[in-house]
Amino acid sequence: MAHDNKWSSQTVFILAAVGSAVGLGNVWRFPYLAGQYGGGAFLIPYLIAFVVMATPILILELAIGQRMQRGPIKSLRHMHPAFGGVGLLGVISAFLVVAYYAVVMAWCLLYLLRSFAVAWADDPEGYFFGNVLQISDGVGQLGGFNWPVVAALAVIWLMIYFCIWQGPKSVGKVVLYTVPIPVAVLGVLFVRSVMLPGFWPGWQLYITPVWSAMLSPEVWTAAASQAFLTLSVAFAIMLTYASYKNPDEDIVQSSWITALADMAISLFAGFVVFAVLGYMAWSANTSVAEVTTSGPGLAFVVFPQALSLMPLPGLFSALFFFMLLTLGIDSAFSLVEPAIATILDIKPELKNTQVAGWVCLAAFGVGLLYTTRAGLYFLDIVDHFVVSYNAMLMALGMAILGGWVFGAELLRRYINEVSQWQIGRWWNWSIKWLVPGVLAILLATQLSTDLRTPYEGYPAWALALGWATVVVPVGLGLWMVRGFGAAAGDRKATPE
Ligand code: PFF
């Protein structure tokens, strides 16, 4: 049975999709990857992966969700009973991601509360690791809970809950604010950043291609996984959001609007970040390459440092962390939706308010691991495995199902029937050949790297936990396949 949760309009759907796509990934992860992999050299693989792989998958996910009108597991199982497990993989992965995504938002909240005092000004690195994270010496030392982070996490989950408690109805109201506000703040920060001395060398590093770096497969893996992550595809999120649309609504235009908005904001955020890094290098009298640093460091060490050096540091720090929070919240709640839609599919008699409450509480519970003093280590491990493997595997499963089992041409005909803009045969080719081929290569390369060198040198028992976040959902998915004969009433669907 199709569920009856619906968006109030197509515009609201687009806002929600853009809100989901544009998140911490755009402002913190993308610029840091661009810096790490040689600025312009990263941009080119990223743009290619974005256009020829991630966007076709977005179109596919929207088509499946909108056509099937069900949560991820039922939708995929309805297309072919053996593929429900692919949906399950997406649902569990989104849940695993949001459990730590909310913790990163909790750090933002703590920073926001302490912004006006610019408490980190003397030693931003010591402040982040010592004061905010109270980090232990290694992953083996849990060191107990870090109570301010626990409290901030509870507040974040309450906020998330009140955004989604009525499903698309309440989400539709919230995104009217949470999408434009951070973009406006980013605009203010952009203007401020180009007034800083040293911004130009920062930009130069960002946009000058380093052609040799493009030959490294590592750059391509990082670019492809970032393209997937930033568009929120391959985590069953967009599929779930599309299932709240009517079956005859446009797909192609909404996909391109979402993709272009997401890409534009990443590129724009890159200009702000690199201008600020340029300024930092100028202040410290060193090169820009010296001040670019690893993932969590960029948003929570380098930025606070740069902000503390600016005129009106309290105001700009508060604006920055407020922007991160508003950017993150609509992505966070979109990551919770697949689990809620799945539970409501199984038990339609339950209320959305109830199910949302239980899912939020469960994610808060799992997230407590990341609020211990070893939390950052666990976060780093789980993020690595879930993003590198689960998303790629789900995209691979969907591409095989859509492209080969169900039929790319059938899907394309349905998509073109309901859409104003038409997609050409290139889409079939991308879904059937390019996406599965490239994903298989990337997965194999990543697997061989991880088997040869332990990720970041973590001990085997800790990495076993990372592998479990891949093996357990994949195992459960396969176990579902076993029972596919029992998928009562779920016959193979064809688009009429
Ligand atoms: N697309 C969002 C972001 O880039 O922040 C949300 C997101 C989706 C984050 C999937 C992480 C993820 F694995």
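If you're wondering where the values come from, they're calculated on a predicted model, not measured in any experiment.

A. Summary view of the overall build of the protein chain. Secondary structure assignment for the protein chain yields 20 helices and zero strands. Computed over its C-alpha atoms, the radius of gyration of the protein chain comes to 22 Å, within 12% of the 23 Å expected for a compact globule of 496 residues. Seen through its principal axes, the protein chain has C-alpha atoms that stretch 65 × 50 × 45 Å. When burial is assessed residue by residue, the protein chain has 61% of its 496 residues classed as buried.

B. How the structure looks around unusual backbone geometry. Here Val118, not a glycine, exhibits a phi torsion of approximately 45°, which is positive. Following the sequence through the fold, Val118 ends up in the loop between α5 (84-113) and α6 (124-132). Of note in this structure, Leu312 is not a glycine but carries a positive phi near 50°. Along the chain, Leu312 turns up in the loop between α15 (295-309) and α16 (313-346).

C. Examining the packing of aromatic side chains more closely. Applying the stated criterion across every chain, the model contains 41 aromatic pairs. Judged by centre distance (5.5 Å) and plane angle (85°), the ring pair of Trp107 and Phe300 falls under edge-to-face. With Trp107 in helix α5 and Phe300 in helix α15, the pair connects residues that are 193 residues apart, well separated along the chain. What makes Trp107 buried here is its relative accessible area of 2%. The exposure class of Phe300 is buried, given its relative accessible area of 1%. Taking the centre distance of 6.4 Å and the plane angle of 70° together, the rings of Tyr377 and Tyr458 count as edge-to-face. Residue Tyr377 is located in helix α18 (residues 375-418), and its partner Tyr458 is located in the loop between α19 (426-452) and α20 (460-482); the two are separated by 81 residues in the primary sequence. When sorted by exposure, Tyr377 lands in the same class as Tyr458, which is buried. Joined through ring pairs, the aromatic side chains of Trp107, Tyr111, Trp120, Tyr127, Phe128, Phe129, Phe300, Phe320 and Phe321 make up one cluster.

D. Expanded view of the state of the cysteines. One pass over the full model with this rule turns up zero disulfides. No disulfide involves Cys108; its nearest neighbouring cysteine sulfur is the one of Cys163, lying 15 Å away. Here Cys163 stays unpaired: no disulfide links it, and the sulfur of Cys360, its closest cysteine neighbor, is 9.4 Å away.

E. View of the site of the ligand. The immediate surroundings of the ligand are formed by 13 residues, with Ala21, Gly25, Tyr101, Leu229 and Ser232 found nearest. Between the ligand and the protein, one listed contact pairs an oxygen atom with a backbone N or O atom of Gly25 at 2.9 Å. One of the backbone N or O atoms of Leu229 is found 2.9 Å from a nitrogen atom in the ligand. When residues of the shell around the ligand are traced back to their parent elements, those giving at least two are α1 (10-21), α2 (24-36), α5 and α11 (217-230). In terms of residue count, the dominant contributor to the shell around the ligand is α2 (three residues). Residues of the shell around the ligand, tallied by class, amount to six nonpolar, seven polar and no charged.

F. Spotlight on the confidence of the model for the protein chain. On average, residues of the protein chain score 90 in pLDDT, and 95% of them reach the 70 mark or higher. Segment residues 485-492: pLDDT under 50, and eleven contacts once partners within four positions in sequence are set aside and those in other chains are kept.

G. Geometry of the nonpolar core. Phe42, Leu76, Trp107, Trp157, Ile160, Ile164 and Phe333 are the most contacted members of the largest nonpolar core, which totals 190 residues. It is α18 that provides the largest number of residues to this core, a total of 24 residues. Each residue touching Trp157, except ones within four places of it in the same chain, is listed here: Val98, Ala102, Val336, Cys360, Ala363 and Phe364.

H. Representation of the pattern of salt bridges. Taken as a whole and assessed by the stated rule, the structure comprises two salt bridges. Arg412 is the partner of Glu409 in a salt bridge, and the nearest nitrogen-oxygen pair spans 3.2 Å. Residue Glu409 and its partner Arg412 are located together in helix α18, separated by three residues, close to a single helical turn. Exposure remark for Glu409: the relative accessible area of 26% places this residue in the partly exposed category. Here Glu409 ties to Arg425 by a salt bridge, and the two come within 3.4 Å at their closest N and O atoms. Of this pair, Glu409 sits in helix α18 while Arg425 sits in the loop between α18 and α19, and the two are 16 residues apart along the sequence. The network of salt bridges with common partners includes Glu409, Arg412 and Arg425.

I. Region of interest: a nonpolar patch on the surface. A contiguous nonpolar surface patch, about 390 Å² in accessible area, is contributed by Leu176, Tyr177, Ile181 and Phe322. Of note, Phe322 is situated in helix α16.

J. Looking closely at the side chain of Ser254. By secondary structure assignment, the location of Ser254 is in helix α13 (residues 252-284). Judged by its relative accessible area of 0%, Ser254 is buried. Beyond its immediate sequence surroundings of up to four residues, Ser254 is in contact with Gln10, Phe13, Ile14 and Lys245.

K. Quick look at α16. Under the 1.5 Å per step criterion, the end-to-end length of α16 is 51 Å for 34 residues, consistent within 8% with the ideal 50 Å. Its maximal kink placed at Glu337, α16 deviates by approximately 30°, while the proline Pro338 follows within four residues.

L. Broad picture of the side chain of Ser93. The topology assignment puts Ser93 in helix α5. Accessibility expressed as a relative area gives 0% for Ser93, which makes it buried. Leaving out residues up to four positions away in the same chain, Ser93 has contacts with Phe235, Val386 and Asn390.

Parameters at a glance
- Residues numbered from 1 in each chain as written.
- Predicted model: local features only at pLDDT ≥ 70, side-chain atom pairs only at ≥ 80, totals over all residues.
- Heavy atoms only, no water.
- Helix = DSSP H or I, 4+ residues; strand = E, 2+ residues; numbered from the N terminus.
- Rg over C-alpha atoms; globule rule 2.2 N^0.38 Å.
- Buried < 20%, exposed > 50% of the residue type's maximum accessible area, 1.4 Å probe, protein only.
- Phe/Tyr/Trp six-rings, centres within 6.5 Å; stacked < 30°, edge-to-face > 60°.
- Disulfide = S-S within 2.5 Å.
- Near = heavy atom within 4 Å.
- Polar contact = N/O pair within 3.5 Å; in protein donor to acceptor, adjacent residues only side chain to side chain.
- Nonpolar A, V, L, I, M, F, W, Y, C, P; charged D, E, K, R; others polar.
- pLDDT = per-residue confidence, 0-100.
- Contact = heavy atoms within 4.5 Å.
- Core = buried A, V, L, I, M, F, W, Y, C linked by side-chain atoms within 4.5 Å.
- Salt bridge = Lys/Arg side-chain N within 4 Å of Asp/Glu carboxyl O.
- Patch = residues over 30% accessible without salt bridge, like charges linked within 9 Å, V, L, I, M, F, W, Y side chains within 5 Å.
- Areas by Shrake-Rupley, 256 points an atom, 1.4 Å probe, with all protein chains shown as cover.
- Expected span 1.5 Å × (residues − 1).
- Bend = angle between axes of the 7 residues up to and from the residue.

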